[in-house]
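Per-entry structural report
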Amino acid sequence: METRLLRYETLAEDLGGIIVAGNLRPGERLPSVRRLSRERRLSVSTVLQALRQLEDRGLVEARPQSGYFVRHAATRRPSPNARSTPDEPVPVDVSQRLMRVLQSGMQPGVAPLAAALPASTLLPLAALQRLYGGVARRHPRLLEGGSHINMDEPALVRQLVLRSVAWAGPLAADEFVITNSCTESLSLCLRAATRAGDTVAVESPAYYLMLQLIETLGLKALEIPTDPRHGLSIEALDLATRDGKVTACLLVPNASNPLGSMMPDENKRRLAKLTAERGVAVIEDDIYGDLHFGAERPWPIKAFDRTGNVMLCSSFSKCLSPALRIGFVAGGRYRPQIALQKTITSGGTNSITQLVLAEYLESSASERHLRGLRRTYERQVEAMIAAVTRHFPAATRVTEPQGGFVLWLELPDDIDTTALHSRAIAAGVAYVPGELFSASGMYRNCLRLNCGNPHTPEIDDAVRRLGALMAP
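Quick notes on the rules
Residues numbered from 1 in each chain as written. Predicted model: local features only at pLDDT ≥ 70, side-chain atom pairs only at ≥ 80, totals over all residues. Heavy atoms only, no water. Helix = DSSP H or I, 4+ residues; strand = E, 2+ residues; numbered from the N terminus. Rg over C-alpha atoms; globule rule 2.2 N^0.38 Å. Buried < 20%, exposed > 50% of the residue type's maximum accessible area, 1.4 Å probe, protein only. 1 Å grid on protein atoms, 1.4 Å probe; cavity = no way out; pocket = protein on both sides within 12 Å on 5 of 7 lines; lining within 4 Å. Points joined across faces, edges and corners; volume = space filled by probe spheres on them. Nonpolar A, V, L, I, M, F, W, Y, C, P; charged D, E, K, R; others polar. Salt bridge = Lys/Arg side-chain N within 4 Å of Asp/Glu carboxyl O. Pairing = 2+ DSSP bridges. Expected span 1.5 Å × (residues − 1). Contact = heavy atoms within 4.5 Å. Right-handed = clockwise from strand over helix to strand, strands pointing away.

Another aspect to go through is the overall build of the protein chain. Along the protein chain, the regular secondary structure elements total 15 helices and 15 strands. For a compact globule of 472 residues, the expected C-alpha radius of gyration is about 23 Å, and the protein chain comes in at 23 Å, within 12% of that figure. Structurally, the protein chain occupies a C-alpha span of about 70 × 60 × 40 Å along its principal axes. When each of the 472 residues of the protein chain is scored for burial, the buried share is 57%.

This part takes up empty space enclosed by the protein. Tallied over the entire structure, the rule returns three cavities of 30 Å³ or more. Of the volumes computed, that of the largest cavity is approximately 80 Å³. Surrounding the largest cavity, Arg163, Trp167, Asp286, Ile287, Asp290, Arg297, Ser314, Ser315, Phe316, Cys319 and Phe328 form its lining. In the lining of the largest cavity, the residues fall into five nonpolar, two polar and four charged. Every residue lining the second largest cavity is counted, 13 residues in all, and those nearest its centre are Pro80, Asn81, Pro205, Trp408 and Tyr443. Split by residue class, the lining of the second largest cavity holds eight nonpolar, three polar and two charged.

Time to look at the pattern of salt bridges. For the structure on display, the rule yields 24 salt bridges. With a closest N to O distance of 2.5 Å, Asp290 and Arg163 form a salt bridge. With Asp290 in the loop between β9 (281-285) and β10 (310-315) and Arg163 in helix α6 (residues 154-163), this pair connects stretches of sequence that are 127 residues apart. For the pair Asp290 and Arg163, a shared accessibility class is recorded, and that class is buried. Residue Glu367 pairs with Arg163 through a salt bridge whose shortest N-O separation is 4.0 Å. Here Glu367 is found in helix α13 (residues 364-391), whereas its partner Arg163 is found in helix α6, with 204 residues between them in sequence. Linked by salt bridges that have partners in common, Arg163, Asp286, Asp290, Arg297 and Glu367 make up one network.

Another aspect to go through is the pairing of strand β11 (residues 327-330). Alternating residues of β11 divide into Gly327 and Val329 and Phe328 and Ala330, and every residue in both groups is buried. Relative to β11, strand β4 (residues 176-179) runs antiparallel, the two being bridged by four bridges. Along β11, the bridge assignment pairs Ile178 with Phe328. Direction of pairing for β10 relative to β11: antiparallel, over a ladder of four bridges. Residue pairing for β11: Ser315 is matched across the bridge by Gly327.

The next subject is helix α10 (residues 265-278). Between its first and last C-alpha, α10 extends 20 Å over 14 residues, near the 20 Å set by a 1.5 Å rise per residue. All of the buried residues along α10 are Asn267, Lys268, Leu271, Ala272, Leu274 and Thr275. Packing partners of the buried residues in α10 comprise β7 (231-232), α9 (234-240), β8 (246-251) and β9. Remark: Gly279 follows α10 within two positions and exhibits a positive phi of approximately 70°.

What follows covers the pairing of strand β6 (residues 220-227). Sheet analysis places strand β3 (residues 90-91) next to β6, joined by two bridges and oriented antiparallel. When the bridges of β6 are listed, Pro91 appears paired with Lys220. In this sheet, β6 lies alongside strand β5 (residues 199-204) in parallel orientation, the contact comprising six bridges. Bridged to Ala201 within β6 is Leu222. On the question of chirality, the crossover connecting β5 to the parallel β6 by way of helix α8 (residues 208-216) is right-handed. As paired strands, β6 and β7 are joined by two bridges and run antiparallel to one another. Within β7, the residue paired with Asp227 across the bridge is Gly231. Counting the residues between successive antiparallel strands, the hairpin from β6 to β7 contains three residues.

Spelled out as structure tokens, the structure:
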């Protein structure tokens with residue numbers, strides 16, 4: 001039963017990808033059921049299951065006595081508008097509410113549309129497990145001891161340096177600090193560059209974990225207007241930093257979470273120059289940079305840094321496995337402070353996992369996996385957009401992410417997604433209410449959906465149930 005399920009989902013993903021990419025035009029006929037059965041060596045019933053899944057996603061339609069055809073594309077919903085934000089920084093208070101939301105989304109039987117996590121079936125877990133065994137055999141003494149001093153494995157640092165060539169690099173090896181996650185990377189950078197009471201500029205809406213870190217460290221958040229396609233407004237940041245009261249910026253310029261926006265290179269260049277001139281530290285989360293939907297990997301702000309003012313943070317949790325718990329920082333001139341904070345807070349990072357990750361990144365399988373994963377995430381985002389278009393109120397606005405696997409929705413003004421959340425959980429659907437992405441409590445009529453899982457009929461039905469809760 002499991003094998004059959006995987007086969008029909010694979011066929012559905014393959015055909016859906018061809019349609020989303022535009023290789024089959026609206027109205028064009030798909031290969032016949034018997035032909036697909038013969039060529040893919042699948043049963044007729046398995047092929048029909050795949051085609052019905054594509055029907056549920058709104059990608060194909062069955063015509064009696066004629067077969068299956070690509071549906072004419074529905075009119076896309078308009079994107080949300082960038083909003084004006086408060087002029088003054090505010091203390092942050094989201095952690096307790098956020099924890100309740102995320103915990104409720106992990107209950108058995110609740111559709112996983114809240115936390116931005118990939119489905120385990122999309123990750124190279126078997127390959128990583130084999131590498132763990134090999135590394136443990138070749139390096140048996142790694143388990144004999146450890147040090148509280150953070151010791152970065154040269155093999156992993158070397159792979160990060162090689163990868164940075166694609167970021168207009170390469171970055172220097174001595175810039176890197178290996179951490180226990182991207183979250184720890186961001187926290188270490190904030191500790192290195194700020195003190196309690198300082199003001200940190202963030203996108204609006206901002207990734208909620210960044211707001212949690214700001215809250216925990218006793219900092220204040222200044223929300224900067226952010227365009228759903230092009231990211232943070234450089235003009236607004238210019239105005240906000242003229243009085244010298246902003247100490248740092250905390251940003252996700254590539255495939256931002258939650259908007260999926262991509263900051264243009266010229267804006268990145270302007271931001272790097274502006275912040276360096278004004279002494280405003282830049283902490284950049286590039287965790288979705290490798291998950292772009294375009295032809296070329298987008299450069300980070302770090303590529304335009306000429307003074308060591310930008311701290312680049314990332315990890316492999318969205319593309320390889322959240323359980324690896326390996327992140328990194330390219331810390332620029334803040335590297336000594338970051339390394340000190342790492343030693344004080346968590347000490348060394350697991351050496352075995354560092355070597356496993358280094359060996360995987362060195363293999364040709366790494367890039368093949370990433371290429372396939374990018375296509376899969378793009379198809380899943382498109383499928384979620386189609387489901388929202390079918391099932392949500394007509395006035396709903398939807399982002400068009402340029403990478404990653406989350407979707408931001410702006411609903412009619414009279415829908416309060418915080419008030420609706422408990423009813424959604426009772427109906428077996430999780431999401432993150434929009435107000436948790438704002439220090440000042442904006443976006444109460446917005447929400448974020450996770451698209452990290454294959455868009456199965458069960459996921460589509462969860463979207464339908466959620467949309468039904470919003471019906472007048």
